[in-house]
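The chain contents come next:
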Amino acid sequence: VQNVTAGVQQVTRSGINIMARSIRMAGFNPLKVNHIGILQASADKIRFQQDTNSSGQIEIGKDEDIAYLLNDNQQLIRQKDGNARSNRSIVDQVYSLEFKYFNRENKETKLLDDIHSIEISLTIREPVGKEKFISRTYSTRVICRNLKV
């Protein structure tokens, strides 16, 4: 049981850290050429762009258009370029994934152009024995320092 608990904690923390690191870069646009930022913001999915190679445009296949979502198999998915064929599982046994979006006044918002920070909550649930489960939830708030607000 202790090994499963430790594993669940580690996987949950890793999943949060992976998402937080890339979401923090949402809107990165060093050349300020095009509008780059959050494309989709719902409770169970976020899609955003970042010009990581400083080319002035979002390039397909370069990890510059990223989405995080939960699929039907309870997997946290990282998707590239809005293409479901690019789905890559990051974490399995996901019980819930939730995003909340906040403006500069720290009030929840649904307006893409008002988003300043994002709260990410991830719950992992794994079986222990026949009818028991271990679950852990981690949450963090990420300030999107590259978004214009």
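The following refers to the structure shown. (Residues numbered from 1 in each chain as written. Predicted model: local features only at pLDDT ≥ 70, side-chain atom pairs only at ≥ 80, totals over all residues. Heavy atoms only, no water.)

Now for the packing of aromatic side chains. Enumeration according to the criterion identifies two aromatic pairs in this entry. For the pair Phe 99 and Tyr 101, a centre-to-centre distance of 6.5 Å together with 25 degrees between the ring planes defines the contact as stacked. By relative accessible area, Phe 99 is classed as buried at 2%. With a relative accessible area of 5%, Tyr 101 lands in the buried category. Between the NZ or CZ atom of Arg 125 and the centre of the ring of Phe 133, over which it lies, the distance is 3.7 Å. Positioned above the aromatic ring of Phe 102 is the side chain of Arg 141, whose terminal nitrogen or guanidinium carbon lies 3.7 Å from the ring centre. (Phe/Tyr/Trp six-rings, centres within 6.5 Å; stacked < 30°, edge-to-face > 60°. Buried < 20%, exposed > 50% of the residue type's maximum accessible area, 1.4 Å probe, protein only. Lys NZ or Arg CZ within 6 Å of the ring centre and 35° of its normal.)

Grouped together as the largest cluster of nonpolar side chains are 27 residues, with contacts concentrated most on Met 19, Ile 23, Phe 99, Ile 118 and Ile 120. Elements that contribute at least two residues to this core include exactly helix 1 (2-23), strand 2 (45-49), strand 3 (65-70), strand 6 (94-102), strand 7 (117-128) and strand 8 (132-143). Contact partners of Ile 118, with chain neighbours within four places excluded, come to Ile 23, Ile 38, Ile 46, Phe 99, Lys 100, Tyr 101, Thr 140, Arg 141, Val 142 and Cys 144. (Core = buried A, V, L, I, M, F, W, Y, C linked by side-chain atoms within 4.5 Å. Helix = DSSP H or I, 4+ residues; strand = E, 2+ residues; numbered from the N terminus. Contact = heavy atoms within 4.5 Å.)

Tallying each qualifying case throughout the model produces three salt bridges. In this structure, the salt-bridge partner of Arg 78 is Asp 63, at a minimum N-O distance of 3.6 Å. Residue Arg 78 is found in strand 4 (residues 76-80), and its partner Asp 63 is found in the loop between strand 2 and strand 3; the two are separated by 15 residues along the sequence. Overall, the relative accessible area of 15% leaves Arg 78 in the buried class. Since its relative accessible area comes to 29%, Asp 63 is described here as partly exposed. Linking Lys 80 and Asp 63 is a salt bridge whose minimum nitrogen-to-oxygen distance equals 3.4 Å. (Salt bridge = Lys/Arg side-chain N within 4 Å of Asp/Glu carboxyl O.)

Attention now moves to the pairing of strand 3. Successive side chains on a regular strand alternate, one facing one side of the sheet and the next facing the other. Within strand 3, five of the six residues are buried, which leaves the element mostly enclosed by the surrounding structure. With five bridges connecting them, strand 2 and strand 3 associate as antiparallel partners. For Lys 45, the partnering residue across the bridge sits in strand 3 and is Leu 69. Strand direction decides the pairing type here: strand 3 and strand 4, joined by five bridges, are antiparallel. In the sheet register, Ile 66 faces strand 4, and the bridge partner there is Lys 80. In textbook terms, the turn of a hairpin is the stretch between consecutive antiparallel strands, and for strand 3 and strand 4 this stretch comprises five residues, one of which, Gln 74, has a positive phi near 60 degrees. (Pairing = 2+ DSSP bridges.)

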